[in-house]
Amino acid sequence: QVQLVESGGGLVQAGGSLRLSCAASGRTFSWYPMGWFRQAPGKGREFVAAINSNGGSTHYADSVRDRFTISRDNAKNTVSLQMNSLKSEDTAVYYCAAARSWLQTDDRRYDYWGQGTQVTVSS
């Protein structure tokens, strides 16, 4: 089992940057592909980015490609999301999650979830 705790959210102006981190407990963290999702008020949960178990492959939603970067450090049991050139439409609660297999964009394929961290981008 994996427990996930996100941090790094906050308020930032449009065009700015934030770095989200997700700390995982459990010795099996390195087995899991990891993903970031977000949920804006009144909307469903949306896939943002994913990284495979060894960090060698990544996948992004079109809306964030070239602005966001996902990475992981299996030695430290962490996964991060560097967010640059933020836009007001990036405002949401961001969640990290552990998937059953690689390249999943459907949140139903993710077994473990953090509690979320709020990102607010002011225009």
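Structure first, text after, so check above.
Just so you know, these numbers come straight off a predicted model, no measurement behind them. (Residues numbered from 1 in each chain as written. Predicted model: local features only at pLDDT ≥ 70, side-chain atom pairs only at ≥ 80, totals over all residues. Heavy atoms only, no water.)

Moving on to the overall build of the chain. The number of helices and strands found in the chain is zero helices and eleven strands. From first element to last, N terminus to C terminus, the chain shows the α and β order β-β-β-β-β-β-β-β-β-β-β. Here the C-alpha atoms of the chain give a radius of gyration of 13 Å, agreeing with the 14 Å that 2.2 N^0.38 yields for 123 residues. Referenced to the eigenvectors of the C-alpha coordinate spread, the extents of the chain come out at roughly 40 × 25 × 25 Å. Within the chain, buried positions represent 43% of all 123 residues. Looking at the chain alone, contacts between residues at least 24 apart form 57% of all its contacts between residues at least 6 apart. Accessible surface computed for the chain: about 6300 Å², of which carbon and sulfur atoms make up 44%. (Helix = DSSP H or I, 4+ residues; strand = E, 2+ residues; numbered from the N terminus. Rg over C-alpha atoms; globule rule 2.2 N^0.38 Å. Buried < 20%, exposed > 50% of the residue type's maximum accessible area, 1.4 Å probe, protein only. Contact = heavy atoms within 4.5 Å. Areas by Shrake-Rupley, 256 points an atom, 1.4 Å probe, with all protein chains shown as cover.)

Summed over the entire model, instances satisfying the criterion amount to six aromatic pairs. An angle of 90 degrees between the planes, with centres 5.8 Å apart, marks the rings of Tyr32 and Tyr112 as edge-to-face. Highlighted residues: Tyr32 in the loop between β3 (18-25) and β4 (34-39) and Tyr112 in strand β10 (residues 110-113), separated in sequence by 80 residues. Considering the side-chain rings of Tyr110 and Trp113, the 6.0 Å spacing of their centres and the 55 degrees angle between planes classify their relative orientation as tilted. Under the relative-accessibility criterion, Tyr110 is labelled buried at 5%. (Phe/Tyr/Trp six-rings, centres within 6.5 Å; stacked < 30°, edge-to-face > 60°.)

As a further point, take the pattern of salt bridges. If charged atoms from side chains of opposite charge come close, those side chains can pair. A full pass over the atoms with the stated rule returns seven salt bridges. The closest approach of N and O atoms between Asp111 and Arg100, which form a salt bridge, is 2.7 Å. Note that Asp111 is positioned in strand β10 and Arg100 in the loop between β9 (92-99) and β10, a separation of eleven residues in sequence. Exposure remark for Arg100: the relative accessible area of 51% places this residue in the exposed category. Its salt-bridge partner being Arg108, residue Asp106 comes within 2.7 Å of it at the nearest N-O pair. A single network of salt bridges, built from pairs that share partners, joins Arg38, Glu46, Arg67 and Asp90. (Salt bridge = Lys/Arg side-chain N within 4 Å of Asp/Glu carboxyl O.)

Now for the side chain of Ser80. Relative to the elements of secondary structure, Ser80 occurs in strand β8 (residues 78-83). If sequence neighbours within four positions are ignored, Ser80 has contacts with Arg19, Leu20, Ser21, Trp36, Thr69, Ile70 and Ser71.

Next up on the list: the state of the cysteines. In a disulfide, the sulfur atoms of two cysteines are held together by a covalent bond. Enumeration according to the criterion identifies one disulfide in this entry. One disulfide bridge connects Cys22 with Cys96, the sulfur atoms lying 1.9 Å from each other. Every disulfide takes its handedness from the sign of the S-S torsion; for Cys22 and Cys96 that torsion is 45 degrees, giving right-handed. Here Cys22, found in strand β3, pairs with Cys96, found in strand β9; they are 74 residues apart in sequence, far enough to count as distant. Of the residues examined, Cys96 reaches a relative accessible area of 0% and is grouped as buried. (Disulfide = S-S within 2.5 Å.)

Turning our attention to the environment of Asn77. Turning to its location among the elements, Asn77 is positioned in the loop between β7 (68-73) and β8. Judged by its relative accessible area of 19%, Asn77 is buried. If sequence neighbours within four positions are ignored, Asn77 has contacts with Cys22, Ala23, Ala24, Gly26 and Phe29. Among the polar contacts made by the side chain of Asn77, one reaches the main-chain carbonyl oxygen of Gly26 at a distance of 3.1 Å. (Polar contact = N/O pair within 3.5 Å; in protein donor to acceptor, adjacent residues only side chain to side chain.)

Now for the nonpolar core. In this structure, Trp36, Val79, Leu81, Met83 and Tyr94 are the most contacted members of the largest nonpolar core, which totals 35 residues. If you list the elements that add at least two residues to this core, you get β3, β4, β5 (45-51), β7, β8, β9 and β11 (117-122). (Core = buried A, V, L, I, M, F, W, Y, C linked by side-chain atoms within 4.5 Å.)

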